[in-house]
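Okay, here's what each chain looks like letter by letter:
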Amino acid sequence: MARQTLTPDLIVRIEKSGVRFNAWDTDGVKRTSEITTTTRKKAFEGDYLLGRFVGRTGKTFWRRVDNVDVTPSTPESTVEVPTDHDHAEVLNFIHSSYSLKPRGLMMNELKWKYLIRSAVRGKNIMMTGPAGCGKTMAAKSVVNSLDRPDYYFNLGATQDPRGTLIGNTHFESSKGTYFSESLFVKAIQTPGAVILLDELSRAHPDAWNILMTVLDYGQRYLRLDEQDNQATIKVAEGVTFVATANIGNEYTSTRVMDKALMDRFTIVEMDVLSEGDENELLNYMFPNVDATVIGNVAKIATLTRTESNSETARITSGISTRTTVELCGLLYDGFNLEEASEVSIYPQYDSSGGVDSERTFVKQIVQKFCDDGSNEDLFNEEEIAEAETVD
Ligand SMILES: Nc1ncnc2c1ncn2[C@@H]1O[C@H](COP(=O)(O)OP(=O)(O)O)[C@@H](O)[C@H]1O
Ligand SMILES: [Mg+2]
């Protein structure tokens, strides 16, 4: 069969605008949403034009065209006004984004899409939830999905918020006193950057104060020197902030964040995994660990989570997914459930109060699953026995 020589019905040139590769046809109409990002990027980098062809089935496709005598023009103004074309592209990106979620991250589809949508729409995002539920992991995953310059700051680990967020003044005898700006200053001046502010809830209150104007949609500037009203740095176009905060019935060192600061964020609450999801995640991560034991780990974690949320809670927090993952790593390395629990779970629970302590309570739950035979029956029997002694 002879191959037909096709003629393109449209020709576009690719222009880079910020982090996007826009396609403009000969009439100055934007065709970005019709062409995949990869094709546009390649055309821009290879400095060639793209043509639209209609295939035999009637479907259109885009490919490189050479030796054409028309020049697609870029309109005078390339300001990003949300047009229908753009909107279609954004919609498509958000709603097909679940495939970008790493398999090893357990997060439901709606939450993930909401996260992507907030980032695409330039919102300040705050991921909340108890410790070890995947906030940092989800934040990093969304940053990776976006194909934009990214920066990471762990605000919970710094004792010097001013140095981290603004910079330091140094003295050298040859230069005298000089100021070296922080990486954060560079980050906020990078158009389209995604900036992760990890453990914002643990940050020093000075960090929160510095960030107030940066995060405010109406202000968006960083004040370099609180004494001097002039020295400010503008946050560049398209910069998105993604913060994480431990919030929940935790007795950690988390400080209570200012309401005014919280108000500057769109909150994305990370869910604590259900027993089924926990089980699925652990089985996926540890295919070589006995599935029954993994099932028991998921049950233990869920029992502690339910207990910590009950009105008569005897423990202040449940076992986190971070801990169940660590524990399964120990199982994989040949430790048994009892040993793995002793080193990874128990140290997290207070042992004061002896038999009435949180640690004793958690130990009892774990031990029910360490015995041979029908664990669940045993658990129920003991619960019944316990209930009877109360009478
Ligand atoms: N929802 C989740 N999906 C997959 N893994 C998780 C999840 N939550 C926690 N983990 C595991 O726990 C570890 C710690 O999670 P992390 O994101 O650091 O928690 P957080 O920031 O909420 O304290 C991760 O590296 C991962 O192994
Ligand atoms: Mg974290």
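Reference entry: report on the structure contained in this document.

Quick look at the nonpolar core
Reasoning step 1: Residues Phe184, Ile188, Ile195, Leu197, Leu200 and Phe241 are the most contacted members of the largest nonpolar core, which totals 33 residues.
Reasoning step 2: Counting only elements with at least two residues in this core, the list comes to strand S6 (150-154), helix H6 (183-188), strand S9 (194-198), helix H7 (205-215) and strand S12 (240-246).
Reasoning step 3: It is H7 that provides the largest number of residues to this core, a total of seven residues.
Reasoning step 4: Setting aside residues no more than four positions away along its own chain, Phe241 makes contact with Lys123, Asn124, Ile125, Phe184, Ile188, Ile195, Leu197, Val214, Leu215, Arg220 and Val235.
Reasoning step 5: Core analysis: the next-biggest nonpolar cluster, separate from the first, contains 23 residues, Leu331, Tyr346, Phe361 and Ile365 among them.

So, helix H9 (residues 275-285)
Reasoning step 1: Inspection of H9 places Glu278, Leu281 and Leu282 among the buried residues, and these make up the whole buried set. Buried residues in H9, looked at end-on, bunch into an arc of 95°, giving them a common side.
Reasoning step 2: On the buried face of H9, the contacting elements are helix H10 (291-309) and helix H11 (321-332).

Some details on the sheet that holds strand S5 (residues 125-129)
Reasoning step 1: Sheet architecture is open: five strands sit in the order S6-S9-S12-S5-S13, paired in parallel fashion. Every interior strand has two partners, whereas the edge strands, S6 and strand S13 (266-269), have only one. Pairs of neighbouring strands in the sheet enclose a mean axial angle of 20°, with direction left out of account.
Reasoning step 2: Sheet analysis places S9 next to S12, joined by four bridges and oriented parallel. When the bridges of S12 are listed, Leu196 appears paired with Val242.
Reasoning step 3: Helix H4 (residues 135-145) rests against S5, S6, S9 and S12 of the sheet, and its axis sits at about 170° to S12.

The rules behind each value
Residues numbered from 1 in each chain as written. Chains lettered and ligands numbered in written order. Predicted model: local features only at pLDDT ≥ 70, side-chain atom pairs only at ≥ 80, totals over all residues. Heavy atoms only, no water. Core = buried A, V, L, I, M, F, W, Y, C linked by side-chain atoms within 4.5 Å. Buried < 20%, exposed > 50% of the residue type's maximum accessible area, 1.4 Å probe, protein only. Helix = DSSP H or I, 4+ residues; strand = E, 2+ residues; numbered from the N terminus. Contact = heavy atoms within 4.5 Å. Arc of directions from axis to C-beta. Pairing = 2+ DSSP bridges. Axes fitted to C-alpha atoms, helices over the stretch in contact; angles between N-to-C directions.

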